[in-house]
Amino acid sequence: MQLPETRELEAALRGGKAPVVVLVAGEDEAVREQVIGLVQGDLGRTCSPVDVTRGDAGPPKSDVWDRVKVDAMTVPLFGQGVVWVVENMGSGGQGAKELDEVLAKRPSHLRLVLLADEKARGGALAKAVLAAGGLVVLAQVPKAREAVRLIQALAREAGIAIEARAQESLADLVGPDRATLESVIRSIRDLVGPGGRVAEGDLLGMVQRSRQNAPWDLPDAVVERDLRKALKVAWRDLEDAKRPGEEMLAILGRVVRQVQQIRMAQDLVARKVPSDEAMEVLKLRHEFKWEALRKGAGRYTPEELDAVLREAPAWETRLKRGPGRPETLVTALLTRVILPRGKGRRESDPRIAPGMGRRP
(Lines give C-alpha, C1' and ligand atoms only; values in the text may rest on other atoms or scores of the structure.)
Protein backbone atom coordinates (compact mmCIF):
# COMPACT_ATOMS: atom_id res chain seq x y z
CA MET A 1 0.00 0.00 0.00
CA GLN A 2 1.30 3.46 -0.92
CA LEU A 3 1.74 5.44 2.28
CA PRO A 4 1.70 9.24 2.21
CA GLU A 5 4.09 9.36 5.16
CA THR A 6 6.94 7.91 3.08
CA ARG A 7 6.56 10.05 -0.05
CA GLU A 8 9.35 12.46 0.93
CA LEU A 9 11.72 9.56 1.57
CA GLU A 10 10.80 7.91 -1.74
CA ALA A 11 11.41 11.17 -3.58
CA ALA A 12 14.82 11.57 -1.96
CA LEU A 13 15.81 8.04 -2.93
CA ARG A 14 14.67 8.52 -6.53
CA GLY A 15 16.69 11.73 -6.69
CA GLY A 16 19.84 9.99 -5.54
CA LYS A 17 19.85 11.77 -2.17
CA ALA A 18 19.68 8.76 0.10
CA PRO A 19 19.76 9.85 3.78
CA VAL A 20 22.21 7.99 5.99
CA VAL A 21 19.74 8.14 8.89
CA VAL A 22 15.93 8.20 9.06
CA LEU A 23 14.03 8.88 12.27
CA VAL A 24 10.53 7.38 12.36
CA ALA A 25 8.57 9.29 15.00
CA GLY A 26 5.43 7.32 15.81
CA GLU A 27 4.23 3.78 16.32
CA ASP A 28 2.49 2.92 13.05
CA GLU A 29 4.07 -0.44 12.20
CA ALA A 30 3.15 -0.18 8.51
CA VAL A 31 5.08 3.07 8.14
CA ARG A 32 8.02 1.72 10.14
CA GLU A 33 8.34 -1.42 8.04
CA GLN A 34 7.96 0.46 4.77
CA VAL A 35 10.74 2.88 5.75
CA ILE A 36 13.03 -0.04 6.62
CA GLY A 37 12.23 -1.72 3.30
CA LEU A 38 12.88 1.45 1.30
CA VAL A 39 16.21 2.11 3.03
CA GLN A 40 17.31 -1.51 2.58
CA GLY A 41 16.33 -1.50 -1.09
CA ASP A 42 18.22 1.70 -1.79
CA LEU A 43 21.39 0.51 -0.05
CA GLY A 44 21.11 -2.65 -2.15
CA ARG A 45 22.04 -0.59 -5.22
CA THR A 46 25.63 -0.27 -3.99
CA CYS A 47 25.96 -3.10 -1.47
CA SER A 48 25.12 -6.78 -1.60
CA PRO A 49 23.81 -8.48 0.40
CA VAL A 50 22.16 -5.97 2.74
CA ASP A 51 21.30 -7.27 6.21
CA VAL A 52 18.82 -5.69 8.58
CA THR A 53 20.04 -5.75 12.18
CA ARG A 54 17.78 -4.68 15.05
CA GLY A 55 18.76 -3.43 18.48
CA ASP A 56 16.83 -2.16 21.50
CA ALA A 57 17.96 1.17 22.96
CA GLY A 58 15.34 1.05 25.71
CA PRO A 59 17.08 -0.91 28.52
CA PRO A 60 19.33 1.19 30.80
CA LYS A 61 22.42 -0.93 30.05
CA SER A 62 21.75 -1.41 26.34
CA ASP A 63 24.88 -1.86 24.24
CA VAL A 64 23.14 -1.24 20.93
CA TRP A 65 25.03 1.98 20.14
CA ASP A 66 28.38 0.30 20.85
CA ARG A 67 27.46 -2.42 18.35
CA VAL A 68 26.35 0.16 15.79
CA LYS A 69 29.67 2.02 16.17
CA VAL A 70 31.63 -1.20 15.61
CA ASP A 71 29.71 -1.88 12.38
CA ALA A 72 30.16 1.73 11.27
CA MET A 73 33.97 1.54 11.65
CA THR A 74 34.33 -1.93 10.12
CA VAL A 75 34.31 -1.69 6.32
CA PRO A 76 33.19 -5.01 4.78
CA LEU A 77 35.68 -6.69 2.47
CA PHE A 78 33.14 -8.04 0.00
CA GLY A 79 30.71 -5.15 -0.43
CA GLN A 80 28.12 -6.12 2.13
CA GLY A 81 25.77 -3.55 3.64
CA VAL A 82 23.82 -3.26 6.87
CA VAL A 83 20.70 -1.36 7.90
CA TRP A 84 20.68 -0.83 11.63
CA VAL A 85 17.19 -0.49 13.11
CA VAL A 86 17.46 1.00 16.60
CA GLU A 87 14.16 0.57 18.44
CA ASN A 88 12.70 2.25 21.56
CA MET A 89 14.43 5.59 21.18
CA GLY A 90 11.76 7.09 23.44
CA SER A 91 10.75 10.70 22.97
CA GLY A 92 14.07 11.60 21.38
CA GLY A 93 15.81 13.11 24.40
CA GLN A 94 18.73 10.69 24.10
CA GLY A 95 20.79 9.30 21.27
CA ALA A 96 21.87 12.55 19.60
CA LYS A 97 25.45 12.26 20.87
CA GLU A 98 25.75 8.60 19.87
CA LEU A 99 24.33 9.41 16.43
CA ASP A 100 26.99 12.07 15.83
CA GLU A 101 29.73 9.59 16.74
CA VAL A 102 28.36 6.94 14.38
CA LEU A 103 28.03 9.34 11.45
CA ALA A 104 31.40 11.02 12.00
CA LYS A 105 33.02 8.88 9.29
CA ARG A 106 29.98 8.76 6.99
CA PRO A 107 30.04 4.97 6.50
CA SER A 108 28.86 4.21 2.95
CA HIS A 109 27.95 0.64 3.84
CA LEU A 110 25.63 1.51 6.74
CA ARG A 111 22.21 3.09 7.09
CA LEU A 112 20.32 3.91 10.30
CA VAL A 113 16.58 3.73 10.94
CA LEU A 114 15.67 5.03 14.39
CA LEU A 115 12.24 4.14 15.81
CA ALA A 116 10.93 6.54 18.45
CA ASP A 117 7.76 7.98 19.99
CA GLU A 118 5.74 10.59 18.14
CA LYS A 119 7.07 13.25 20.54
CA ALA A 120 10.58 12.67 19.17
CA ARG A 121 9.80 14.66 16.03
CA GLY A 122 10.41 17.88 17.98
CA GLY A 123 13.27 16.72 20.19
CA ALA A 124 17.05 16.87 20.20
CA LEU A 125 17.36 13.61 18.28
CA ALA A 126 15.24 14.94 15.40
CA LYS A 127 17.42 18.06 15.21
CA ALA A 128 20.55 15.89 15.11
CA VAL A 129 19.06 13.74 12.35
CA LEU A 130 18.16 16.78 10.25
CA ALA A 131 21.58 18.34 10.86
CA ALA A 132 23.17 15.15 9.52
CA GLY A 133 21.12 15.36 6.34
CA GLY A 134 18.64 12.74 7.44
CA LEU A 135 14.85 12.64 7.35
CA VAL A 136 12.18 12.61 10.02
CA VAL A 137 9.11 10.56 9.10
CA LEU A 138 5.95 11.01 11.15
CA ALA A 139 4.20 7.68 11.75
CA GLN A 140 1.01 8.42 13.65
CA VAL A 141 -1.23 5.44 14.28
CA PRO A 142 -4.43 6.01 12.25
CA LYS A 143 -7.50 6.91 14.28
CA ALA A 144 -10.32 4.43 14.54
CA ARG A 145 -12.55 6.38 12.15
CA GLU A 146 -9.88 6.06 9.46
CA ALA A 147 -9.98 2.26 9.54
CA VAL A 148 -12.85 2.05 7.03
CA ARG A 149 -10.99 4.33 4.61
CA LEU A 150 -7.92 2.11 4.88
CA ILE A 151 -10.01 -1.01 4.30
CA GLN A 152 -11.51 0.51 1.15
CA ALA A 153 -8.07 1.42 -0.23
CA LEU A 154 -6.59 -1.99 0.58
CA ALA A 155 -9.59 -3.79 -0.95
CA ARG A 156 -9.16 -1.82 -4.19
CA GLU A 157 -5.48 -2.74 -4.32
CA ALA A 158 -6.32 -6.39 -3.66
CA GLY A 159 -8.98 -6.42 -6.37
CA ILE A 160 -11.86 -7.46 -4.12
CA ALA A 161 -15.13 -5.80 -3.07
CA ILE A 162 -16.08 -5.52 0.60
CA GLU A 163 -19.65 -4.46 1.34
CA ALA A 164 -20.23 -1.41 3.55
CA ARG A 165 -21.49 -3.33 6.59
CA ALA A 166 -18.59 -5.77 6.23
CA GLN A 167 -16.16 -2.84 6.17
CA GLU A 168 -17.55 -1.53 9.46
CA SER A 169 -17.45 -4.98 11.06
CA LEU A 170 -13.89 -5.56 9.85
CA ALA A 171 -12.79 -2.18 11.24
CA ASP A 172 -14.35 -3.10 14.57
CA LEU A 173 -12.68 -6.52 14.64
CA VAL A 174 -9.21 -5.43 13.58
CA GLY A 175 -8.93 -1.71 14.33
CA PRO A 176 -6.95 0.93 12.40
CA ASP A 177 -3.49 -0.67 12.39
CA ARG A 178 -2.42 -0.72 8.74
CA ALA A 179 -0.02 -3.63 9.00
CA THR A 180 -2.72 -5.83 10.54
CA LEU A 181 -5.32 -4.69 8.01
CA GLU A 182 -2.97 -5.47 5.11
CA SER A 183 -2.44 -8.99 6.43
CA VAL A 184 -6.17 -9.55 6.94
CA ILE A 185 -7.10 -8.23 3.48
CA ARG A 186 -4.50 -10.51 1.88
CA SER A 187 -5.98 -13.50 3.70
CA ILE A 188 -9.50 -12.56 2.60
CA ARG A 189 -8.35 -12.16 -1.00
CA ASP A 190 -6.74 -15.60 -0.93
CA LEU A 191 -10.03 -17.07 0.27
CA VAL A 192 -12.49 -15.29 -2.06
CA GLY A 193 -10.17 -14.93 -5.05
CA PRO A 194 -9.59 -11.91 -7.33
CA GLY A 195 -12.81 -10.05 -8.02
CA GLY A 196 -14.53 -11.70 -5.07
CA ARG A 197 -17.18 -9.96 -2.99
CA VAL A 198 -17.27 -10.08 0.81
CA ALA A 199 -20.46 -9.64 2.86
CA GLU A 200 -20.66 -9.15 6.61
CA GLY A 201 -21.64 -12.78 7.21
CA ASP A 202 -18.57 -13.97 5.31
CA LEU A 203 -16.32 -12.57 8.03
CA LEU A 204 -17.57 -15.13 10.55
CA GLY A 205 -14.88 -17.75 10.92
CA MET A 206 -12.72 -15.86 8.43
CA VAL A 207 -11.48 -13.01 10.64
CA GLN A 208 -10.75 -13.19 14.34
CA ARG A 209 -10.85 -10.09 16.52
CA SER A 210 -7.38 -8.71 17.16
CA ARG A 211 -8.34 -5.19 18.16
CA GLN A 212 -7.69 -4.21 21.76
CA ASN A 213 -9.39 -1.34 23.52
CA ALA A 214 -7.34 1.72 24.37
CA PRO A 215 -7.56 2.95 27.99
CA TRP A 216 -9.34 6.11 26.84
CA ASP A 217 -12.01 4.41 24.67
CA LEU A 218 -14.61 4.04 27.43
CA PRO A 219 -14.06 7.51 28.97
CA ASP A 220 -14.34 9.02 25.48
CA ALA A 221 -17.64 7.21 24.91
CA VAL A 222 -18.98 8.64 28.19
CA VAL A 223 -17.88 12.17 27.21
CA GLU A 224 -19.46 11.75 23.78
CA ARG A 225 -22.62 10.32 25.39
CA ASP A 226 -22.45 7.46 22.91
CA LEU A 227 -24.12 4.42 24.49
CA ARG A 228 -23.52 2.12 21.53
CA LYS A 229 -19.78 2.81 21.57
CA ALA A 230 -19.60 2.48 25.35
CA LEU A 231 -21.34 -0.91 25.32
CA LYS A 232 -19.11 -2.18 22.55
CA VAL A 233 -15.96 -1.17 24.44
CA ALA A 234 -17.18 -2.49 27.80
CA TRP A 235 -18.34 -5.84 26.44
CA ARG A 236 -15.01 -6.29 24.68
CA ASP A 237 -13.18 -5.58 27.94
CA LEU A 238 -15.33 -8.17 29.71
CA GLU A 239 -14.71 -10.70 26.95
CA ASP A 240 -10.93 -10.26 27.28
CA ALA A 241 -10.90 -10.20 31.08
CA LYS A 242 -9.63 -13.19 33.02
CA ARG A 243 -11.79 -12.12 35.98
CA PRO A 244 -14.96 -10.43 34.68
CA GLY A 245 -16.05 -9.56 38.23
CA GLU A 246 -12.95 -7.47 38.79
CA GLU A 247 -13.26 -5.94 35.33
CA MET A 248 -16.81 -4.79 36.12
CA LEU A 249 -15.48 -2.80 39.08
CA ALA A 250 -12.67 -1.41 36.94
CA ILE A 251 -15.25 -0.24 34.38
CA LEU A 252 -17.26 1.41 37.16
CA GLY A 253 -14.10 3.18 38.33
CA ARG A 254 -13.32 4.53 34.86
CA VAL A 255 -16.89 5.71 34.35
CA VAL A 256 -17.12 7.43 37.75
CA ARG A 257 -13.77 9.18 37.26
CA GLN A 258 -14.90 10.48 33.91
CA VAL A 259 -18.23 11.65 35.29
CA GLN A 260 -16.33 13.51 38.02
CA GLN A 261 -14.18 15.23 35.42
CA ILE A 262 -17.17 16.20 33.29
CA ARG A 263 -18.86 17.65 36.38
CA MET A 264 -15.72 19.62 37.25
CA ALA A 265 -15.54 20.83 33.65
CA GLN A 266 -19.13 22.08 33.92
CA ASP A 267 -18.19 24.12 36.97
CA LEU A 268 -15.08 25.52 35.31
CA VAL A 269 -17.03 26.50 32.20
CA ALA A 270 -19.75 28.13 34.31
CA ARG A 271 -17.09 30.21 36.11
CA LYS A 272 -15.44 31.08 32.76
CA VAL A 273 -12.06 29.80 33.89
CA PRO A 274 -9.40 30.20 31.13
CA SER A 275 -8.44 27.01 29.31
CA ASP A 276 -4.88 26.86 30.64
CA GLU A 277 -6.11 27.17 34.24
CA ALA A 278 -8.85 24.61 33.64
CA MET A 279 -6.31 22.15 32.24
CA GLU A 280 -4.13 22.64 35.30
CA VAL A 281 -7.06 22.01 37.65
CA LEU A 282 -8.04 18.85 35.77
CA LYS A 283 -4.39 17.79 35.34
CA LEU A 284 -4.72 17.58 31.57
CA ARG A 285 -1.59 17.71 29.43
CA HIS A 286 -3.23 18.08 26.01
CA GLU A 287 -5.58 20.83 24.92
CA PHE A 288 -7.75 18.48 22.85
CA LYS A 289 -8.61 16.61 26.05
CA TRP A 290 -9.94 19.80 27.62
CA GLU A 291 -11.87 20.63 24.46
CA ALA A 292 -13.51 17.18 24.53
CA LEU A 293 -14.43 17.60 28.20
CA ARG A 294 -15.79 21.08 27.56
CA LYS A 295 -18.08 19.73 24.84
CA GLY A 296 -19.03 16.77 27.02
CA ALA A 297 -20.01 19.13 29.82
CA GLY A 298 -22.70 20.54 27.56
CA ARG A 299 -24.19 17.12 26.84
CA TYR A 300 -25.17 16.43 30.45
CA THR A 301 -27.01 18.42 33.09
CA PRO A 302 -25.38 18.90 36.49
CA GLU A 303 -28.31 17.07 38.09
CA GLU A 304 -27.70 13.99 35.95
CA LEU A 305 -24.03 13.81 36.84
CA ASP A 306 -24.63 14.48 40.54
CA ALA A 307 -27.16 11.65 40.61
CA VAL A 308 -24.66 9.23 39.07
CA LEU A 309 -22.02 10.19 41.64
CA ARG A 310 -24.47 9.73 44.53
CA GLU A 311 -25.39 6.27 43.25
CA ALA A 312 -21.79 5.10 42.74
CA PRO A 313 -21.58 3.19 46.07
CA ALA A 314 -24.86 1.43 45.33
CA TRP A 315 -23.57 0.47 41.88
CA GLU A 316 -20.44 -0.99 43.45
CA THR A 317 -22.59 -3.17 45.70
CA ARG A 318 -24.78 -4.29 42.83
CA LEU A 319 -21.82 -5.19 40.62
CA LYS A 320 -20.25 -7.21 43.44
CA ARG A 321 -23.40 -9.09 44.46
CA GLY A 322 -25.49 -9.25 41.30
CA PRO A 323 -27.69 -10.95 40.35
CA GLY A 324 -27.05 -10.99 36.63
CA ARG A 325 -24.39 -11.67 34.05
CA PRO A 326 -21.50 -9.18 33.85
CA GLU A 327 -22.68 -7.98 30.44
CA THR A 328 -26.18 -7.35 31.80
CA LEU A 329 -24.96 -5.46 34.84
CA VAL A 330 -22.53 -3.30 32.87
CA THR A 331 -25.23 -2.57 30.30
CA ALA A 332 -27.50 -1.35 33.11
CA LEU A 333 -24.70 0.84 34.49
CA LEU A 334 -23.86 2.49 31.18
CA THR A 335 -27.52 2.95 30.30
CA ARG A 336 -28.02 4.71 33.63
CA VAL A 337 -25.08 7.03 33.02
CA ILE A 338 -25.41 7.82 29.33
CA LEU A 339 -29.09 7.75 28.36
CA PRO A 340 -30.88 11.08 28.82
CA ARG A 341 -33.38 11.43 31.65
CA GLY A 342 -36.65 9.66 30.97
CA LYS A 343 -35.19 6.98 28.67
CA GLY A 344 -34.85 3.89 30.82
CA ARG A 345 -33.22 5.69 33.71
CA ARG A 346 -35.51 4.42 36.47
CA GLU A 347 -35.16 0.79 35.42
CA SER A 348 -31.35 0.93 35.68
CA ASP A 349 -31.16 2.61 39.09
CA PRO A 350 -29.12 0.15 41.22
CA ARG A 351 -31.43 0.71 44.18
CA ILE A 352 -34.42 -0.64 42.25
CA ALA A 353 -34.78 -4.40 42.02
CA PRO A 354 -35.38 -5.97 38.58
CA GLY A 355 -39.05 -5.72 37.66
CA MET A 356 -39.87 -2.86 40.03
CA GLY A 357 -41.19 0.35 38.54
CA ARG A 358 -42.89 -1.39 35.61
CA ARG A 359 -46.50 -0.75 34.91
CA PRO A 360 -48.58 -3.94 34.87
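Residues numbered from 1 in each chain as written. Predicted model: local features only at pLDDT ≥ 70, side-chain atom pairs only at ≥ 80, totals over all residues. Heavy atoms only, no water.

(A) Just the packing of helix 3 (residues 64-73) against helix 4 (residues 96-103), in detail. It is the contact of helix 3 with helix 4, at a shortest axis distance of 9 Å, that shows an interaxial angle of 15 degrees. By the angle between their axes, helix 3 is roughly parallel relative to helix 4. For helix 3 against helix 4, the interelement crossing comes out right-handed. Along its contact with helix 3, which presents Trp65, Val68, Lys69 and Ala72, the element helix 4 presents Glu98, Leu99, Glu101 and Val102. Here the contact of helix 3 with helix 4 is composed, by residue class, of 5 nonpolar, no polar and 3 charged. (Axes fitted to C-alpha atoms, helices over the stretch in contact; angles between N-to-C directions. Helix = DSSP H or I, 4+ residues; strand = E, 2+ residues; numbered from the N terminus. Parallel < 35°, antiparallel > 145°, perpendicular 65-115°, else oblique. Left-handed = near helix turned anticlockwise from the far one by under 90°. Contact = heavy atoms within 4.5 Å. Nonpolar A, V, L, I, M, F, W, Y, C, P; charged D, E, K, R; others polar.)

(B) Unusual backbone geometry, seen in detail. Cis geometry is adopted by the peptide bond preceding proline 49, which originates at serine 48 and carries an omega value of -10 degrees. Unusually for a residue other than glycine, arginine 225 sits at a positive phi of about 55 degrees. Secondary-structure assignment places arginine 225 in the loop between helix 9 (217-224) and helix 10 (227-240). Its identity as a non-glycine residue notwithstanding, lysine 272 has a phi of 55 degrees, on the positive side. With respect to the helices, strands and loops of the structure, lysine 272 is situated in the loop between helix 11 (244-270) and helix 12 (275-282). On the basis of relative accessible area, lysine 272 is assigned to the exposed category, the value being 72%. (Buried < 20%, exposed > 50% of the residue type's maximum accessible area, 1.4 Å probe, protein only.)

(C) Local environment of empty space enclosed by the protein. Taken as a whole and assessed by the stated rule, the structure comprises 1 cavity of 30 Å³ or more. Considering only enclosed or pocket space, the largest cavity measures out at about 30 Å³ in volume. Surrounding the largest cavity, Leu9, Leu13, Ala18, Pro19, Val39, Asp42 and Arg111 form its lining. Broken down by secondary-structure element, the contributors of at least two residues to the lining of the largest cavity are helix 1 (7-14) and helix 2 (29-43). (1 Å grid on protein atoms, 1.4 Å probe; cavity = no way out; pocket = protein on both sides within 12 Å on 5 of 7 lines; lining within 4 Å. Points joined across faces, edges and corners; volume = space filled by probe spheres on them.)

(D) View of the sheet that holds strand 1 (residues 21-25). Spatial strand order, 2-3-4-1-5: 5 strands in an open sheet with parallel pairing. Every interior strand has two partners, whereas the edge strands, strand 2 (50-56) and strand 5 (135-138), have only one. Averaged over all pairs of adjacent strands, the angle between strand axes in this sheet comes to 20 degrees, irrespective of strand direction. As paired strands, strand 2 and strand 3 (residues 81-87) are joined by 7 bridges and run parallel to one another. Residue pairing for strand 3: aspartate 51 is matched across the bridge by valine 82. Of the strands in this sheet, strand 1, strand 2, strand 3, strand 4 (110-116) and strand 5 touch helix 2, which is tilted by about 175 degrees from strand 4. Contacts between helix 4 and the sheet are confined to strand 1 and strand 4, with strand 4 contributing the most and set at about 170 degrees to the helix. (Pairing = 2+ DSSP bridges.)

(E) Region of interest: the confidence of the model for the chain. When pLDDT is averaged along the chain, the result is 84, and 89% of the positions lie at 70 or above. Here residues 343-349 is modelled with pLDDT under 50, and outside its nearest four sequence neighbours on either side it reaches 20 contacts, counting other chains as well. Low pLDDT (under 50) marks residues 351-360, which in the prediction has 7 contacts with non-local residues, meaning those over four places away or in another chain. (pLDDT = per-residue confidence, 0-100.)

(F) The arrangement of the packing of helix 10 against helix 15 (residues 326-338) in detail. Orientation of helix 10 relative to helix 15, taken along the N-to-C sense of each, is 150 degrees, at an axis distance of 10 Å. Viewed along their axes, helix 10 and helix 15 adopt a mutual orientation that is roughly antiparallel. When you trace helix 10 past helix 15, the crossing you get is right-handed. Contact residues: Leu227, Ala230, Leu231, Ala234, Trp235 and Leu238 in helix 10; Pro326, Glu327, Val330, Thr331, Leu334, Thr335 and Ile338 in helix 15.

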